[in-house]
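Here's the letter readout for the chains.
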Amino acid sequence: MARLNPSRAPLLGLEYQQGAPAGERGRGRQWDNGVVTATFVYDGDCAFCTSCARFVDRWVPTRAAVIPWQWADLTALGLTAAECEAAVQWVTTGPDGPAPALAGPDAIAALLGSSHRAWRAVGWLLRRRVVRGLAWPAYRWVARNRHRMPGGTAACALPPTGAG
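Okay, so let's go over this structure. From a predicted model like this one, the values you see are computed outputs, not experimental measurements. (Residues numbered from 1 in each chain as written. Predicted model: local features only at pLDDT ≥ 70, side-chain atom pairs only at ≥ 80, totals over all residues. Heavy atoms only, no water.)

Taken as a whole and assessed by the stated rule, the structure comprises zero disulfides. The closest cysteine sulfur to the non-disulfide-bonded Cys49 is located on Cys46, 3.4 Å from its own sulfur. (Disulfide = S-S within 2.5 Å.)

All right, on to the nonpolar core then. Membership of the largest hydrophobic core comes to 20 residues, with the highest contact counts inside it found for Phe40, Tyr42, Val66, Val88, Trp90 and Leu111. Those elements that place two or more of their residues in this core are β3 (38-42), α2 (47-59) and α5 (104-113). Setting aside anything within four residues of it in sequence, one finds Trp90 in contact with Ala38, Thr39, Phe40, Thr62, Ala64, Ala101, Leu102, Ala107, Ala110, Leu111 and Ser114. Within the second largest apolar cluster, 10 residues are counted, among which are Val41, Ile67, Trp69 and Leu74. (Core = buried A, V, L, I, M, F, W, Y, C linked by side-chain atoms within 4.5 Å. Buried < 20%, exposed > 50% of the residue type's maximum accessible area, 1.4 Å probe, protein only. Helix = DSSP H or I, 4+ residues; strand = E, 2+ residues; numbered from the N terminus. Contact = heavy atoms within 4.5 Å.)

Quick look at the pattern of salt bridges now. According to the stated counting rule, one finds two salt bridges in the structure shown. The partner of Arg146 in a salt bridge is Asp43, with the nearest N and O atoms 3.0 Å apart. On the criterion of sequence distance, the pair formed by Arg146 in the segment after α7 (129-144) and Asp43 in the loop between β3 and α2 is long-range, its members being 103 residues apart. Each of the two residues, Arg146 as well as Asp43, counts as buried. (Salt bridge = Lys/Arg side-chain N within 4 Å of Asp/Glu carboxyl O.)

On to the environment of Val91, then. With respect to the element layout, Val91 can be found in strand β5 (residues 89-94). Sequence-wise, Val91 and Ala64 are 27 residues apart; in three dimensions their C-alpha atoms are separated by 9.1 Å. Ignoring any residue separated from it by four or fewer positions in sequence, one finds Val91 in contact with Thr37, Ala38, Thr39, Leu77, Leu79, Pro98, Ala99 and Ala101.

A separate point is α5. Counted residue by residue, α5 has eight buried out of 10 residues, so it is predominantly covered. Three or more residues of α5 are buried, namely Gly104, Pro105, Asp106, Ala107, Ala109, Ala110, Leu111 and Leu112.

Attention now moves to the side chain of Ser114. Residue position: Ser114 is located in the loop between α5 and α6 (117-127). Ser114 sits in the buried class, given a relative accessible area of 6%. There is a polar contact of 2.4 Å between the side chain of Ser114 and the side chain of Thr62. What Ser114 contacts, discounting residues up to four positions off in sequence, is Pro61, Thr62, Arg63 and Trp90. (Polar contact = N/O pair within 3.5 Å; in protein donor to acceptor, adjacent residues only side chain to side chain.)

Across the two faces of strand β4 (residues 65-68) the burial is the same, with Ala65 and Ile67 and Val66 and Pro68 all buried. Relative to β4, β3 runs parallel, the two sharing four bridges. Residue pairing across strands places Phe40 opposite Val66, the latter belonging to β4. Between the parallel pair β3 and β4, the chain is carried across by α2, and the sense of this crossover is right-handed. (Pairing = 2+ DSSP bridges. Right-handed = clockwise from strand over helix to strand, strands pointing away.)

What follows deals with the packing of aromatic side chains. One pass over the full model with this rule turns up two aromatic pairs. Between Phe55 and Trp119, the aromatic rings sit 6.2 Å apart at their centres with planes inclined by 85°, giving edge-to-face as the arrangement. Taken together, the residues span a long stretch of sequence, with Phe55 in helix α2 and Trp119 in helix α6 at a distance of 64 residues. Here Phe55 falls in the partly exposed class, since its relative accessible area comes to 43%. (Phe/Tyr/Trp six-rings, centres within 6.5 Å; stacked < 30°, edge-to-face > 60°.)

The next thing to look at is α7. Its 16 residues place the ends of α7 23 Å apart at the C-alpha level, agreeing with the 22 Å of an ideal helix rising 1.5 Å per residue. For α7, every residue scored as buried is listed here: Ala135, Tyr139 and Ala143. Taken together, the buried residues of α7 touch α4 (81-86), α5 and α6. (Expected span 1.5 Å × (residues − 1).)

Keep in mind that these numbers describe shape and distance, not what the molecule does.
Next comes the structure, spelled out in structure tokens:
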């Protein structure tokens, strides 16, 4: 498993600029002395997921690093490859290490909640019990059909349940 390092960061649209003023750190990134405090992990092998990540990078200013799980240090984030293959993940890291990850629509709600006011409102709405109850089945449907979504390819298809 590859580890994300600063020399590869430009390939992923990430910037490691220790000590730069907030407005100069790259759109949508907040860095505390060069250390990312939140990470949104997606499937970089899926064209649909990558298209969604590009949308986030362009339109959702967030404090999080948005990276494919294939480039992330999953051990440091407290994640497994199986968790990342099943759903997007949101991990916050503090002085005591990573907090338990949020997955799927909960991860998306956290990502949106880390953005500006309009996106925070959407994240807040996504965390409401009724919407959340609908979000998980919708997320699972999209995950099963992501190869049919705009930007998706046959490579995006998840393996059949029970395949192994």
